[in-house]
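Geometric and topological summary
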Amino acid sequence: MKSPELLLPAGSLDKMRAAYAFGADAVYAGQPRYSLRARNNEFKLEELQTGITEAHALGKKLFVASNLMPHNAKVKTYMADMQPVIEMKPDALIMADPGLIAMVRERWPEVDVHLSVQANTVNYAAVKFWKSLGLTRVILSRELSLDEIEEIRQECPDMELEVFVHGALCIAYSGRCLLSGYFNHRDANQGTCTNSCRWDYKIDNAEENGTGDIEPLAKSIEKIDFDFDKALSQSALSDCGDQKRHPMADRVYVIARQDHPNELMPVMEDEHGTYIMNSKDLRAVEHVEKLAKIGIDSLKVEGRTKSIYYVARTAQVYRQAIDDAVAGRPFNYGLLGALDALANRGYTDGFYERHHTHEQQNYMRGHSESSRQQYVGDIVSCENGLAQIDVKNRFSVGDRLEIIHPQGNQIIDLAEMRDKNGQIITVAPGSGHKVQIPLSGNLSGGMIARFL
């Protein structure tokens, strides 16, 4: 059995380094202007150069995501902006738009191009089409079953195939969604999705008036005008980084289902998030062996905006699953629990085995679940039996902690703790604090999770 590549997300250089340290063979990163992560993305040209150089020094790979659906303005600037990126010699470009792909293939035929999941490839005929254009890998759509993937593999034996095994799932065909653009004027296909599908759509009483329109019975709920130009003239848009946010985006407004006219759903968001179209997260670690037997070339984890702890934990778990599968060892069900330690919306294996019903939609509990463990800190250094900890979340003396490190994990019961000045304390209050705990060995670069 061939060992598939383990491909991890890199939203920053530190996350890239963690991915490699914990078992990734490759990472993917993208320029904010041309990938689908315009926010929380530090990979400008200098960082891309550093990342590619470090990856190649380790014998690893770095793929550059360039997979947005561009309007004319970005098409005009694309080739000039990509010239310095191509000169850095990334291992491949991840692309979705046929026009940009044709331009790249014509000018830089030597550059490997991987077809993004955004292109929604769901059959072997499409894979053959993209191969005829010179692409070297197709990232298959998330909406495929294991049987369909196996058939594509059999029909296309000479094309590299990549599939997602972990991360958020979209309610649309792999990102082709207009909710965010409609509600917030921030386009998911341009890299600025606000996850409108994860908001809380509350139910309220409603009635149909004489003209056939649905109106709320509660007079306190206003009917919202989505005229963006009108909103511009009446009120300054709230600041949202390099883009502006519609003033109504944070207000409560009403959505009605056509077949349930008395169920009006005001859109709002609380501190936990919001959820009527909120799919559970993909976790397919139990299918790694089957995907390896099928002959899939790369197993991909989603999450460039997630924490460094997320990157490390998923890399570690999926690395073990791949190694066990290739070695013929049985699946370790403890890996399921290890992934439960990550913040998640509940898990599903997506479409791999069958088309799931409403049981796989997270209606009842939408806030992230991390009931087993919580990421609480980074180990900055270890000297004289004491580890310096950069605290991320509260933990206390008496807590049971897991030390997560590329050289192996260990579990400890925390018996004592000191502040940065060496004074004995019992609680590390939270983010921004520095503490010291007793730890032996060189565990710098590790992370700490608290059992809940």
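Residues numbered from 1 in each chain as written. Predicted model: local features only at pLDDT ≥ 70, side-chain atom pairs only at ≥ 80, totals over all residues. Heavy atoms only, no water.

As named in an unreviewed UniProt entry, the protein is Peptidase U32, taken from Gallionella capsiferriformans.

1. Here we look at the overall build of the protein
The number of helices and strands found in the protein is eleven helices and 27 strands. Residues counted as buried form 50% of the 452 residues belonging to the protein. The long-range share in the protein, meaning contacts at least 24 apart out of those at least 6 apart in sequence, stands at 68%. If you sum the accessible surface of the protein, you get close to 21,100 Å²; carbon and sulfur atoms cover 48% of it. (Helix = DSSP H or I, 4+ residues; strand = E, 2+ residues; numbered from the N terminus. Buried < 20%, exposed > 50% of the residue type's maximum accessible area, 1.4 Å probe, protein only. Contact = heavy atoms within 4.5 Å. Areas by Shrake-Rupley, 256 points an atom, 1.4 Å probe, with all protein chains shown as cover.)

2. Structural notes on the pairing of strand S27 (residues 447-451)
S27 sits mainly inside the fold: four of its five residues count as buried. Summarising the sheet, strand S18 (residues 373-383) and S27 pair through five bridges and their orientation is antiparallel. The residue of S27 that forms the bridge with glutamine 373 is phenylalanine 451. Both strand S21 (residues 400-404) and S27 contribute to a ladder of four bridges, which runs antiparallel. (Pairing = 2+ DSSP bridges.)

3. Describing the packing of helix H3 (residues 72-87) against helix H4 (residues 98-107)
Closest axis-to-axis distance for the H3/H4 pair is 11 Å, and the angle between their directions is 40 degrees. Classified by the angle their axes make, H3 and H4 are oblique. Along this stretch, H3 crosses H4, giving a crossing that reads as right-handed. Counting all contacts with H3, which are made through Val75, Tyr78, Met79 and Gln83, the residues of H4 involved are Leu100, Met103, Val104 and Arg107. Split by residue class, the contact of H3 with H4 holds six nonpolar, one polar and one charged. (Axes fitted to C-alpha atoms, helices over the stretch in contact; angles between N-to-C directions. Parallel < 35°, antiparallel > 145°, perpendicular 65-115°, else oblique. Left-handed = near helix turned anticlockwise from the far one by under 90°. Nonpolar A, V, L, I, M, F, W, Y, C, P; charged D, E, K, R; others polar.)

4. Some details on the pairing of S21
Moving residue by residue along a regular strand, the side chains alternate between the two faces of the sheet. Of all five residues that make up S21, four are buried, and the element is covered over most of its length. Here four bridges tie S21 to strand S22 (residues 410-413), and the two strands are oriented antiparallel to one another. Residue pairing in the sheet places isoleucine 403 in a bridge with glutamine 410 of S22. Adjacent in sequence and paired antiparallel, S21 and S22 are bridged by five residues, among which glycine 408 carries a positive phi angle near 130 degrees.

5. A look at the sheet that holds strand S19 (residues 386-391)
Taken in spatial order, the eight strands make up an open sheet running S22-S21-S27-S18-S19-S26-S23-S24, and their pairing is antiparallel. Whereas interior strands pair on both sides, the edge strands pair on one side only; in this sheet they are S22 and strand S24 (424-425). Note that S18 and S19 share six bridges and pair antiparallel. The residue of S19 that forms the bridge with isoleucine 379 is isoleucine 389.

6. Points about the packing of helix H5 (residues 124-132) against helix H6 (residues 146-155)
At their nearest, the axes of H5 and H6 sit 9 Å apart, and the two run at 40 degrees to each other. Comparing their axes, H6 and H5 come out oblique. Judged by the sense of rotation from one axis to the other, the crossing of H5 with H6 is right-handed. Where H5 approaches H6, its residues Tyr124, Val127 and Lys128 are matched on the opposing element by Glu151, Ile152 and Glu155. Class assignment of the residues belonging to the contact of H5 with H6 gives a composition of three nonpolar, no polar and three charged.

7. Considering the environment of serine 132
With respect to the helices, strands and loops of the structure, serine 132 is situated in helix H5. Look at serine 132 and you get exposed, because its relative accessible area is 58%. Within the local environment of serine 132, its side chain forms a polar contact with the backbone oxygen of phenylalanine 129, the two atoms lying 2.5 Å apart. (Polar contact = N/O pair within 3.5 Å; in protein donor to acceptor, adjacent residues only side chain to side chain.)

8. Examining H3
In the structure, H3 departs most strongly from a straight axis at tyrosine 78, where the bend amounts to approximately 45 degrees. Residues of H3 that are buried: Lys74, Tyr78, Met79, Met82, Val85 and Ile86. Here the buried face of H3 lies against helix H2 (45-57), strand S3 (61-66), strand S4 (92-95) and H4. Two residues or fewer after H3 comes lysine 89, characterised by a positive phi angle close to 60 degrees. (Bend = angle between axes of the 7 residues up to and from the residue.)

9. A word on the packing of aromatic side chains
In total, this model carries four aromatic pairs according to the counting rule given. Look at tyrosine 309 and tyrosine 375: their rings are 4.8 Å apart centre to centre, the planes differ by 10 degrees, and that puts the pair in the stacked class. Taken together, the residues tyrosine 309 in helix H10 (residues 308-327) and tyrosine 375 in strand S18 connect sequence positions 66 residues apart. For tyrosine 309, a relative accessible area of 4% translates into the label buried. Residue classification places tyrosine 375 among the buried residues on the basis of a relative accessible area of 12%. When the centroid spacing of 4.9 Å and the interplanar angle of 80 degrees are considered together, the rings of phenylalanine 331 and tyrosine 333 count as edge-to-face. Residue class for phenylalanine 331 comes out partly exposed when judged on its relative accessible area of 22%. Classification of tyrosine 333 by relative accessible area gives exposed; the value is 63%. One cation-aromatic arrangement involves arginine 142 over phenylalanine 164; the distance from NZ or CZ to the ring centre is 3.9 Å. We note lysine 300 situated over the ring of tyrosine 28; from NZ or CZ to the ring centre the distance is 4.4 Å. (Phe/Tyr/Trp six-rings, centres within 6.5 Å; stacked < 30°, edge-to-face > 60°. Lys NZ or Arg CZ within 6 Å of the ring centre and 35° of its normal.)

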